[in-house]
Amino acid sequence: MSEIQYDGRVAIITGAGNGLGKCHALEFAKRGAKVVVNDLGGAMDGSGGGAAAADQVVDEIKQAGGIAVANYDSVATPEGGEAIVKTALDNFGQVDILVNNAGILRDRSFAKMSVAEADAVLDVHLKGGFYVTLPAFRAMKEKQYGRIIFTASAAGVFGNFGQANYGAAKMGLVGLSNVLAQEGAKCNIKSNVIAPIAETRMTEGVMDGLGLKLDSEYVTAMVCYLAAEQCELTHEIYSVGAGRYARVFVGANVGWNDSQAESISADDVAAHIEQIRDLSDYTVPGSAAEEIGEAMKNLK
Ligand code: NAI
């Protein structure tokens with residue numbers, strides 16, 4: 001694989017005023033992409049806003065000789081999503097790469113969580129993913145090219161105490177990416193998910209003392225790889241951070257079946273539960289149809 005460059009490519013990075021998004025934006029620009037630096041500029045809980053965060057990153061890119069434009073819209077509304085993509089189209093004529101990265105936190109144990117806390121997080125992460133990706137996907141389809149990266153989290157993929165809103169939103173993005181991977185396949189649009197780990201304002205102090213190297217650059221390396229023209233991967237999930245790169249997947253084991261039985265009771269399930277749970281042999285279906293195909297193999 002030759003060195004990854006994005007000359008002639010246009011990348012939108014949401015939430016690029018801080019943390020991971022900023023690191024991605026700087027690297028994309030360094031490698032030749034024209035970058036839309038989107039950031040609402042608010043606090044970690046999503047309150048407030050301002051132009052400074054995005055402007056600062058755009059200045060940094062320009063000072064290094066790169067090309068970038070700022071956008072201050074929120075990903076969390078349909079109008080915001082349209083406006084972010086319009087910024088790319090108006091300034092650079094196309095959208096080739098979209099990194100859905102913007103995020104907020106409203107942590108609370110589930111029993112104590114308010115509907116407002118749930119909505120705020122679902123709006124930014126999950127609906128935000130929809131609102132920005134929808135116009136971007138249409139623009140990509142027109143040009144028959146696209147690379148989409150969604151930013152999920154181990155909190156969703158594996159679960160984390162106090163993050164029901166966040167975990168649900170993040171896992172929702174996995175479902176969205178999986179469908180877009182299929183719908184984009186004929187148009188050379190690839191869609192993948194990362195679950196990052198890095199020290200940013202969002203995780204400040206959380207991983208202290210563990211001895212991990214938590215630079216955002218480790219995460220950016222994977223994002224930049226997935227966004228490359230040479231990268232044919234799609235419909236995948238990667239856990240990335242602290243120098244570790246690992247594929248995460250949703251698989252199904254061989255399981256137990258008895259397609260000949262007239263009926264199957266809870267007692268039959270109980271009798272076979274070890275086989276139903278046995279992970280020694282499994283598949284990683286690339287679509288719902290492939291998973292149904294696995295069940296059909298057992299039809300006599
Ligand atoms: P961060 O707080 O440094 O950056 C998030 C950026 O998103 C901020 O600049 C913020 O202003 C922006 N933002 C928030 N709401 C927005 C909205 N409605 N519209 C536009 N921009 C908005 O946090 P960090 O750590 O860089 O997070 C980036 C992404 O990575 C988030 O989606 C986060 O959930 C995810 N993530 C981060 C992890 C980590 O270890 N840092 C772990 C797992 C996931």
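Thresholds, definitions, all that
- Residues numbered from 1 in each chain as written.
- Predicted model: local features only at pLDDT ≥ 70, side-chain atom pairs only at ≥ 80, totals over all residues.
- Heavy atoms only, no water.
- Helix = DSSP H or I, 4+ residues; strand = E, 2+ residues; numbered from the N terminus.
- Expected span 1.5 Å × (residues − 1).
- Buried < 20%, exposed > 50% of the residue type's maximum accessible area, 1.4 Å probe, protein only.
- Contact = heavy atoms within 4.5 Å.
- Pairing = 2+ DSSP bridges.
- Near = heavy atom within 4 Å.
- Polar contact = N/O pair within 3.5 Å; in protein donor to acceptor, adjacent residues only side chain to side chain.
- Areas by Shrake-Rupley, 256 points an atom, 1.4 Å probe, with all protein chains shown as cover.
- 1 Å grid on protein atoms, 1.4 Å probe; cavity = no way out; pocket = protein on both sides within 12 Å on 5 of 7 lines; lining within 4 Å.
- Sits in = over half its atoms within 2 Å of the grid points.
- Patch = residues over 30% accessible without salt bridge, like charges linked within 9 Å, V, L, I, M, F, W, Y side chains within 5 Å.
- Salt bridge = Lys/Arg side-chain N within 4 Å of Asp/Glu carboxyl O.
- Core = buried A, V, L, I, M, F, W, Y, C linked by side-chain atoms within 4.5 Å.

1. As for helix 3 (residues 78–92)
In this model helix 3 runs 21 Å from its N-terminal to its C-terminal C-alpha over 15 residues, within 8% of the 21 Å that 1.5 Å per residue would give. The complete set of buried residues in helix 3 reads Gly80, Gly81, Ile84, Val85, Thr87, Ala88 and Phe92. Check the buried side of helix 3 and you find it contacts strand 1 (10–13), strand 2 (34–38), strand 3 (67–71) and helix 4 (115–143). One or two positions beyond helix 3, positive phi appears at Gly93, with a value near 85°.

2. A short note on the pairing of strand 8 (residues 244–248)
Here 5 bridges tie strand 7 (residues 236–241) to strand 8, and the two strands are oriented antiparallel to one another. Within strand 8, the position partnered with Ile237 by the bridge is Val248.

3. Brief notes about the environment of Glu274
Its location among the elements puts Glu274 in helix 9 (residues 273–277). Owing to a relative accessible area of 71%, Glu274 belongs among the exposed residues under this scheme. Along the primary structure Glu274 and Ala295 are separated by 21 residues, whereas in three dimensions their C-alpha atoms are 18 Å apart.

4. Description of the site of the ligand
Around the ligand lies a shell of 30 residues, among which Asp39, Asn101, Tyr166, Thr200 and Arg201 are the nearest. For the ligand, an oxygen atom lies 2.5 Å from a polar atom in the side chain of Tyr166. Surface burial for the ligand is 97%, taken as the share of its 830 Å² of free accessible area covered by protein chains. Taking a 2 Å distance to the grid points as the criterion, the majority of the atoms of the ligand fall inside the largest pocket. Elements with a minimum of two residues in the shell around the ligand: helix 1 (19–30), helix 4, helix 6 (164–183) and strand 6 (189–197).

5. Observations regarding the environment of Lys190
With respect to the helices and strands, the residue Lys190 is situated in strand 6. Apart from the residues lying within four places of it in its own chain, the contact partners of Lys190 are Gly146, Arg147, Ile148, Cys231, Glu232, Leu233 and Thr234.

6. Quick word on a nonpolar patch on the surface
A cluster of nonpolar side chains, Phe249, Tyr282 and Val284, forms an exposed patch at the surface whose accessible area comes to about 260 Å². Locating Val284 in the fold gives a position in the loop between strand 10 (282–283) and helix 10 (288–296).

7. Looking at the nonpolar core
Ile12, Val95, Ile148 and Phe150 are the most contacted members of the largest nonpolar core, which has 38 residues in total. Broken down by secondary-structure element, the contributors of at least two residues to this core are strand 1, helix 3, helix 4, strand 5 (146–151), helix 5 (154–157), helix 6 and strand 6. Per element, the largest residue contribution to this core is 8 residues, and it comes from helix 4. Dropping the residues within four chain positions of it, Ile12 is found in contact with Val36, Ile84, Val85, Ala88, Val95, Ile97, Leu98 and Val99.

Spatial relationships are all this shows, so hold off on functional conclusions.
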